[in-house]
Structures are given as C-alpha cells and as structure tokens.
Amino acid sequence: MKFSYRFSNLLGAVYRHGNLHFSKDGNSVISPVGNRVSIFDLKNNKSETLPVSTSKNITCVGLSPDGNLAILVDEDGAAILVSLVTRAVLHHYHFHKPVSSVSFSPDGRKFVITKENVALMYHAPGRRREFNAFQLDKSYYGPYDETTCIDWTTDSKCFAVGSKDMSTWVFGAERWANLIYYSLGGHKDVVVGCFFEKDSLDLYTVSQDGALCMWESDTEPEELKKGLRYRERKQKEQQRAGEEEEEEEEEEVGEEGEMRAEVIRGSTDKPKEEEGIKNVRYRQRSKQFFNKESDFNKLTAAAFHKDTHILVTGFASGIFHLHELPEFNLIHSLSISDQRIATIAMNGPGDWIGFGCSGLGQLLVWEWQSESYVFKQQGHFNNMAALAYSPDGQYIATGGDDGKVKVWNTNSGLCFVTFTEHTSSVTNVTFTSSGFVVVSASLDGTVRAFDLHRYRNFRTFTSPRPAQFSSLAVDSSGDLVCAGAQDSFEIFLWSMQTGRLLEVLSGHEGPVSCLSFCPTRAVLASVSWDRTVRLWDMLDSWHAKEAIRLTSDGLAVAYRPDGQELAVATLDGEISFWNPQTGAQMGSIAGRHDLQMGRKDTDKITAKQSAKGKSFNSLCYSANGESLLAGGQSKFVCIYSIRDQVLLKKFEISCNLSLDAMEEFLDRRKMTEFGSLSLVDEGAGDGDGVEVSLPGVRRGDMSSRHFKPEIRVSSLRFSPTGRSWAATSTEGLMIYSLDASLVFDPYDLALDVTPASVRRQLKKTEWSSAILLAFRLNESALIREVLEALPHEQIPVVCSTLPDVYVEKLLAFVGATLENSRHLQFYLTWAQSLLTIHGQKLKNRAGAILPIIQSLQKSIQRHHDDLSKLCDWNTYALRYAVALSNQRGLKRAATNELSEEEDGDSKEEDDLMSEPLMGETDLFT
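Attention in this report is confined to the structure presented alongside it.

The rules behind these values
- Residues numbered from 1 in each chain as written.
- Predicted model: local features only at pLDDT ≥ 70, side-chain atom pairs only at ≥ 80, totals over all residues.
- Heavy atoms only, no water.
- Helix = DSSP H or I, 4+ residues; strand = E, 2+ residues; numbered from the N terminus.
- Buried < 20%, exposed > 50% of the residue type's maximum accessible area, 1.4 Å probe, protein only.
- Contact = heavy atoms within 4.5 Å.
- Areas by Shrake-Rupley, 256 points an atom, 1.4 Å probe, with all protein chains shown as cover.
- Patch = residues over 30% accessible without salt bridge, like charges linked within 9 Å, V, L, I, M, F, W, Y side chains within 5 Å.
- Salt bridge = Lys/Arg side-chain N within 4 Å of Asp/Glu carboxyl O.
- Arc of directions from axis to C-beta.
- Lys, Arg positive; Asp, Glu negative; His and termini not counted.
- Charge placed at Lys NZ, Arg CZ, Asp CG, Glu CD.
- Pairing = 2+ DSSP bridges.
- Axes fitted to C-alpha atoms, helices over the stretch in contact; angles between N-to-C directions.
- Parallel < 35°, antiparallel > 145°, perpendicular 65-115°, else oblique.
- Nonpolar A, V, L, I, M, F, W, Y, C, P; charged D, E, K, R; others polar.
- Polar contact = N/O pair within 3.5 Å; in protein donor to acceptor, adjacent residues only side chain to side chain.

Focus: the overall build of the chain
Consideration 1: Summing up its helical and strand segments, the chain has 13 helices and 59 strands in all.
Consideration 2: Of all 925 residues assigned to the chain, the portion counted as buried reaches 51%.
Consideration 3: Put simply, 50% of the contacts in the chain that link residues at least 6 apart link residues at least 24 apart.
Consideration 4: For the chain, the exposed surface amounts to about 43,700 Å²; the carbon and sulfur share of it is 48%.

Regarding a nonpolar patch on the surface
Consideration 1: Together, Leu 867, Leu 870 and Trp 873 make up a nonpolar patch on the protein surface, roughly 330 Å² of accessible area in all.
Consideration 2: Checked against the element boundaries, Trp 873 lands in helix 12 (residues 846–895).

Notes on helix 5 (residues 755–763)
Consideration 1: Considered for burial, the residues of helix 5 that qualify are Ser 757, Val 758, Gln 761 and Leu 762. One side of helix 5 carries all its buried residues, which in axial view fall inside an arc of 150°.
Consideration 2: Packed against the buried residues of helix 5 are helix 6 (767–777) and helix 7 (780–789).
Consideration 3: At the C-terminal side of helix 5, Thr 765 shows a positive phi close to 60°.

Observations concerning a negative patch on the surface
Consideration 1: Taken together, Asp 107, Asp 155, Asp 199, Asp 218, Glu 220, Glu 222 and Glu 223 make up a surface patch of like negative charges.
Consideration 2: Counting through the fold element by element, Glu 222 comes out in the loop between strand 20 (211–217) and helix 1 (230–241).

What about the sheet that holds strand 4 (residues 36–41)?
Consideration 1: The antiparallel open sheet is built from 4 strands, whose spatial order is 2-3-4-5. Taken across any chain shown, the strands that pair with only one partner, and hence form the sheet edges, are strand 2 (21–22) and strand 5 (46–49).
Consideration 2: The sheet contact formed by strand 2 and strand 3 (residues 28–33) spans 2 bridges and is antiparallel. Its bridge partner being in strand 3, Phe 22 is matched across the sheet by Val 29.

Focus on the packing of helix 7 against helix 10 (residues 824–837)
When two helices pack together, their arrangement is given by the angle between the helix axes and the distance between those axes.
Consideration 1: Remark: helix 7 packs on helix 10, axes separated minimally by 11 Å, with the N-to-C direction vectors making an angle of 90°. Taken together, the axis directions place helix 7 and helix 10 in an arrangement best described as roughly perpendicular. Together, Arg 784, Leu 787 and Glu 788 of helix 7 and Phe 826, Tyr 827 and Trp 830 of helix 10 make up the contact between the two elements.
Consideration 2: Of the residues contributing to the contact of helix 7 with helix 10, the split by class is 4 nonpolar, no polar and 2 charged.

Some points on the pattern of salt bridges
Consideration 1: Counted under the stated rule, the structure contains 21 salt bridges.
Consideration 2: For Lys 56, the salt bridge goes to Asp 76, with nearest N and O atoms at 3.3 Å. A residue pair is termed long-range when its members are at least 10 positions apart, and Lys 56 in the loop between strand 5 and strand 6 (58–63) and Asp 76 in the loop between strand 7 (69–74) and strand 8 (78–83) qualify at 20 residues.
Consideration 3: The buried category is assigned to Lys 56, whose relative accessible area is 14%.
Consideration 4: A relative accessible area of 35% means that Asp 76 is categorised as partly exposed.
Consideration 5: A salt bridge links Asp 451 to Arg 454; the nearest nitrogen and oxygen atoms lie 3.4 Å apart.
Consideration 6: Residue Arg 454 is classed as exposed on the basis of its relative accessible area of 59%.
Consideration 7: Through salt bridges with shared partners, a single network forms among Lys 110, Asp 137 and Lys 138.

Focus on unusual backbone geometry
Consideration 1: A cis amide bond links Leu 325 with the next residue in sequence, Pro 326, at an omega value of 5°.
Consideration 2: With respect to the secondary-structure elements, Pro 326 resides in the loop between strand 25 (319–324) and strand 26 (329–335).
Consideration 3: Even without being glycine, Arg 87 reaches a positive phi, approximately 60°.
Consideration 4: Mapped onto the elements of the fold, Arg 87 is located in the loop between strand 8 and strand 9 (88–94).
Consideration 5: The class of Arg 87 is partly exposed, set by a relative accessible area of 25%.
Consideration 6: At Arg 531, a residue that is not glycine, the phi angle is positive and equals roughly 65°.
Consideration 7: For Arg 531, the location among the structural elements is in the loop between strand 44 (523–528) and strand 45 (532–537).
Consideration 8: For Arg 531, a relative accessible area of 42% corresponds to the partly exposed category.

Some details on the pairing of strand 58 (residues 724–729)
Consideration 1: Burial runs high along strand 58: 6 of the 6 residues are buried.
Consideration 2: Burial along strand 58 is two-sided: the residues Ser 724, Ala 726 and Thr 728 and Trp 725, Ala 727 and Ser 729 are all buried.
Consideration 3: Pairing between strand 57 (residues 713–718) and strand 58: 5 bridges, direction antiparallel. Bridge assignment links Phe 718 to a residue of strand 58, and that residue is Trp 725.
Consideration 4: What sits between strand 57 and strand 58 in their antiparallel hairpin is a turn of 5 residues, with Gly 722 showing a positive phi close to 80°.
Consideration 5: Where strand 58 folds back on strand 59 (residues 733–738), the antiparallel hairpin that results is connected by 3 residues, among which Gly 732 adopts a positive phi of roughly 145°.

Quick word on the environment of Phe 296
Consideration 1: For Phe 296, the location among the structural elements is in the loop between strand 22 (282–289) and strand 23 (299–305).
Consideration 2: Overall, Phe 296 belongs to the exposed group, its relative accessible area being 57%.
Consideration 3: In contact with Phe 296, not counting residues within four places along its chain, are Asp 209 and Asn 291.

Examining the sheet that holds strand 7
Consideration 1: With antiparallel pairing, the 4 strands of this open sheet are ordered in space as 6-7-8-9. Lying at the two open borders of the sheet, with one neighbouring strand each, are strand 6 and strand 9. On average, adjacent strands in this sheet sit at an angle of 20° to one another, irrespective of strand direction.

Focus: the packing of helix 7 against helix 9 (residues 804–818)
Consideration 1: For the pair helix 7 and helix 9, the least separation of the axes is 12 Å and the interaxial angle reads 95°. Regarding the angle of helix 7 to helix 9, the classification is roughly perpendicular. On helix 9, the residues touching Ser 780, Ile 783, Arg 784 and Leu 787 of helix 7 are Leu 810, Phe 813 and Thr 817.
Consideration 2: Here the residues of the contact of helix 7 with helix 9 sort into 4 nonpolar, 2 polar and 1 charged.

Describing the side chain of Thr 54
Consideration 1: Here Thr 54 is to be found in the loop between strand 5 and strand 6.
Consideration 2: You can call Thr 54 buried: its relative accessible area is 4%.
Consideration 3: Within the local environment of Thr 54, its side chain forms a polar contact with the backbone oxygen of Lys 56, the two atoms lying 2.6 Å apart.

Some details on the pairing of strand 35 (residues 426–431)
Consideration 1: Of all 6 residues making up strand 35, 6 are buried, and the element is well covered by its neighbours.
Consideration 2: The sheet contact formed by strand 35 and strand 36 (residues 437–442) spans 5 bridges and is antiparallel. For Val 426, the partnering residue across the bridge sits in strand 36 and is Ser 442.
Consideration 3: Taking the residues between adjacent antiparallel strands as the criterion, strand 35 and strand 36 are bridged by 5 residues, where Gly 435 takes a positive phi near 85°.

Quick look at the structure:
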C-alpha cells in the first residue's frame, strides 16, 4: 500500500479572518481560511485550497491586477508571495510588525502595505529580476495612529490611506510638484474605507460611525506635474541653506539594513509650493449619514466599484446597504447575517458582491441586480466532532458542536445540505449501507435519521429516560441503530423501519465511549471507561457474547473490514488488537510517544510530561485492512502497519502557530518576570485580547473576548476507495489524497521494458503484450495510450488473455481513469469485460479488491448522476421544440389559406396537427 498522501483540500471552513478578493475574470472568490487560502470557483461550483500555508492566521491578502500573484500576510507580519498559476511559494518576507492592508497599483508596477502609522511602497515582483522580490521604493509617514485602508487612483499616480486617528492622507506615488501629501479630516470616528472616483482625484471616505464624506479636488490627474528628483532636490537645498538636516531626515536605513530610496513625511502644515506651481487642494462637497438619528449601527466594512459608482457598506448587525454615488441614492438594503460583516469585495464587472462574516464563518456572494445568492456557504462555527464517508466515497457527513449536521461533496468540496434539528452538540454521524440516509447522535438526547433524497429528518429516536448519546453505530443492513449513553452507561437499540426502541443493553459500568458493528456478522462491539470491550450478538436475544478486559479505560474501537480483527485504543496510549471470535489478544502498539504533544501557554508542566496522559481517541482501518489510522489530542495523525506493528508515517495536520499547544517549548522571548506575554490581555476594548481559560475548557466561553483554540484531531475516516482519508481537526475537515504526480514505481521491471518496446508491440497489434509491458513500467500516461489505441471490438479478447495479477491492476486503473475521462463507453466496456470474464476469481479475493470495486462504483455513479439529469433536461427540451415547430408551421399555413376553402381545409389541418404530435409522444414514451 502506498502512503504518499498529501493535503488536497480543506472543507468545513470557508472564511475565518482577513479580506476577500475576486479573481481577474470575476468568476472565483479568494478567501483566507486560517493560515491557508481557498479559491471558490463560482461558475463551476468547486472549491480548492492552495497547498501553501503561513505560520499564523492570515490577516490580509493582496492580489495583483493580472491575477497571477498573491501576497499573503499573517498576524505577525510574515508575508509569502504565491503564484496562483503554479500554486507555489515564490518568496518569503517579514515586515516585523502586523500589517493592516495590502494593495497593488492598477498598473501592477507597485504595491503598498500599511503597518502601524506608516505606508510602505514596494516595487511589484516580476517586473525586474531581483534577488529580493520585495524592493522598497518609498516610505510615507503622516497619520498619528494605525492605518486601516488603502485605495489607488485608476492611473496609479496617487493613493489614499485611512487611519484610526480619523484622518485620511493622499500621497503621490511619484514625486509630484503639486501633490506630495494632503491630509483630510471631517470624521469623528475611525476611517473604514477611502475610495477614489474613476479617472479623478475626487475622494469618498467612510468612517465607523456611519458617516460618508465626499471630497472634491481642484486638479485633474493629468494636471499633476513632475517634481524634482531626490538628488536634484537635495543639491538645491544644500545650495540654499548649506545644512544637512534635511538629508539626514530623508535617508534612513530600513529594518533589514537596506537603504530606503525616499521618505516622505507628511504634517498638518501645508507643503511648500514650488515656484509657479499651485498645489492640489480639496474641499468637502457634502457629508452623508447611513444611520438615522434614533439608532446607531457601527459600520465595519465598505467597498466601492469605480465603473458603476456603487458603494457597498456592511454593518455590525449583519445589514448591508447599496448606494449610488455621488447622489447617495439607496438601491437596496438587506440583512444577510446576525453577525458582524468583516469584509466586502466586488468583482470586476460589478454585479457580484462578496461578504465575509468571521463570527459564524460565513462566505456569501450576492448578485445585487437580480437580488439573489450566487454562493452561500457556512462552515461549522464551532469545533467539528465527527465525520463519516458515504459507501461510494462521494459524500462526507460531519457533525459539530454547533448542533449542525452538514453533508459535503468530495468532488466539489462544497456543502450541499445542512440539517439543524439537533439542539445540542452532535457527537457522532454515520451513513447507512444504502448511502442515502445519514444518522447522527447528539447530547440533546436524540438520534436522528436524515433522508438525502428529500433532505428531511424522517426518524427521531429517543430513550425512555433522557440520556446524552456519545457514540453511534448502524449495522450493515441499515435496520438496527445503536447509541451509547455517557450518563446512564447503557446502549439503546432501535429499529430504523418502525422507529421503536427494541432493547436496552446493560452491563457497562462506565460511559460508553465507542460502538462498532462487525461488517460481516450481526455482532456489536462496545468499549467503555470501565476497561472492558463487550461483544453483543444481535441474533441471540442481544445477549453479551463476550467481555474482553483491557489494561485501561477504553476510548475507541474499530472492526477490520473483513470482521476478523478488532482494534481498541485505551487511555494509556496503547492500541491493542483482538480476535473477536476467540477473545485472544493478537498484538499491541505503544503509541503514546508518537503523539508528540505541544505545550499550551497556560501549562505548568512540560510537553513531555503532559504527553504521558494523552492517548488516541479515534481509530480507523484502511480500506484493505493492512494499516491503521490513529489520531488524538495532537497535531499528528499516525499510520501503523498492523502486521509489523510499527509506525509507517506521521502526518502533521497543521503548522498554524495561532493555535494553542503547537510548539513543544514555550517562547523564551515572551517570558517576563510576571509570566508569559501571551497571557497578557492587551487592548480589552479592541476585542483582540487573550483570556486565561478555566480548567477543562476547550472552546472558550461566550464572555471571553478572545481565546486560542487547542489543536486536536477529533475523528478520522478512510475513504472506501482507499485513495484518500479525512480528519476533523480544529482547523476544519482536512482531506489527504494520494499524490497524483508522476512517481516511478515499476512492477517486474527488466532491461527490455521501455516505452519504445511498448509502442513497438502496439505497431505489431500485439495488444496483450503491450498492456503487460505498460503495466510493468507503471506510468499512467503510457497505460492510457496503450488502452485507448486498442480497437473497441478487441477488448473482450484481450481481457480473456490477461494474467490474474494484471486483472486487478487494470481494473484499478480503469476505475481511476473513468472518473475524469470523456471515453465513457470505452472504459465501461473494459470494466464490464473484466468483471464478466474474471468475476469468479475476483469474488474469491473480495476483501482485497473491495477498494478497487468501490472506486469503480464511485466513478460510474458520478457519471450516471450527471448524465441522467442531462438526459431528462434534453428530453423535455426536445419535446417542447418539436411541438413548438409543428404548431408554428400550422399557424403559418393557416394564414395563407383562401377564404372559400376555410371549412374543408381546417379539418385537414386538425388531422395534420394531431398526427405528428401523437407520433412524437409515442416516440418519447
């Protein structure tokens, strides 16, 4: 089995914090999710998470005008330059302070970042080949408090910067003689957004108290005049005054030792006018207010589209307004959430508006002209607790602490249905064997079954006395539903058909932590904190068949896919393997040291000491039963070989240092005589403080202003196809798939096995030999070339001559290729011939080839769903077109008839009209 799994997608979280961006064509939205970036394709309804990550949560994203480059900046000011074409990191840079905003100039030559009260302008990477991709051009000082926003003029000559000191500063991107800097006031609160009009220096500024100021300039952008260069100005000043004070002020050394080209320091005084050149002046044209006199709604985000003159403003109550400027006409107002709108973005054409709400993790795209949603997604705004794959691997169901059950499509990466019937945390979810029913257990004392055809809750199972259900299992037939209680120590058994309680299984003396049904027999395994695993026979009056004693409290139990082995995780960090028929132990793995815990900010003991009390809380067998996936309260997921009982590979789920317990040692630089600086509550009014959580608190409480979530893995599942596995963690639902890139992994290689010899066999029409040689080289492109060169009628003949070893390889290749290939009938013929001719031999090895068959079924089911909808639509469209064409022809004939033959011909027309319509309906029925 291969273990080259790589991170492929992040589900369950669509937006966390930061600013949104639309792609150049306006069809995709780029959203920061924690320390990663996801791209949502709105036209094709797909999502993709880039395989790059920062060391902390991303706070701002800058996108180049051509859409090829993105700058991602995290909380500490560490930036990475990413190519959106190759999905690779091109450059690392550190700004050493938190960055509030990043913006590229419209011509793509420069970009500006703002940190603290300074704006830094850099040469945009890619224009010149430099070893340092971020080359500083100018530094702009002026605001007295932190900067909040940036906007450029359309010709890239000037930019404006808004600040928390309620002022807005206009700076020249080049040294203009009549515009070096200009300060604008007029607001009584923090400036949230500043926007230039198209092809103008006129400016709109929006503040947090809901005020809009319109500023009119007396100069057009074409009237800006070039000023003296820095060296010329310096020489002129030295000639005049003979002092070097100005020189010392202008030349400063950067943070990393590089010389800054120029420093522009703005002040409240007017800049000096050069001889014969009048400086640019602004006047306030008007001032508008978004809030009425009676209410106060804090304005939190704003965006302006220069071509359509549309201003979008978002408020803390979840309301947004659309206004047309400069008349300030309200187009419409709508409430899209009950949480604060954190960011707003508009696409290039100006018809789609993107909203991000960090409180609930919502991402919405609204089309304002038709007043409809283009995209509406929300992750679990609290921790994910459980996940389950559907039998064909197409869907993933997740349950969260927010009481919601969501179903995700693994192909698109998007959620297509959310069930909100639970009133408390969901502890476990599972699919029935049909794949169309999702069953969930919750702490609200109910187990609910949801129908994926009609999207409704059609069964609700409850216990005679209220109980909190912490575990769940459904048998292979889908008729028996079991749930374990964590307060009454009992297992409840219901019938899916009738919804009635069949039996209450008693015997455990502690909370039931996990349940698992045997895949091949009607036996239920339950593990509890009372240090026992009990096997219950469903056919023999539900009596306890056997009780297996453990060395410590049991946390998780899982059956091997063939039902011949049982894996149990215990509180002492061990994984033990048992034979369910004899009750004998077959082996054990000491996995405590593989968890590698980190040290939390509030821990009084080291990570090495705290790891002694940690254990695995989720187990899952691989699809072929040869390896075991284990995860727990750690950032690592381990894969163990069951036969050798050794660790094969460890996967690091996250490298996000914004989460707690990520580093093994505390940062000495943050340690003071009063304790760790990370626990100091700075700026209580800003909402960004840190509170010390109470012992045992994992999620923070509603009254705390800020908390650091702890990294952990709550649930793990292998895909039935064996090509991927998923883990629910603090970051979201992580999908890891086998690397699809070319890996040279030959099988039975010899000197004469080369691509040339394969193509030589193809020319000789030695089909079977060519296929065997291609599989011995094991290059997918070559195998596809050989298969597609084979005549269609020769497929059954070739399948009958293949050795048994290559039948499974060919079937696995057909299943994987069919998922993305256009040659449906061709590859379906291959699958049909292989299964028909070698069906009996394959059946004897059903356990080993089960992942291959499920992968094939997933591909066929996906194409069937797409084609069946398309055929239905086409059938109705053709019926309508044929009926319409017949009626049009008859009407045209009726207008050309002579008046004296109306009566006789009308009867013939009725016959003509009825005959083809009957024929068409007969044809389609």
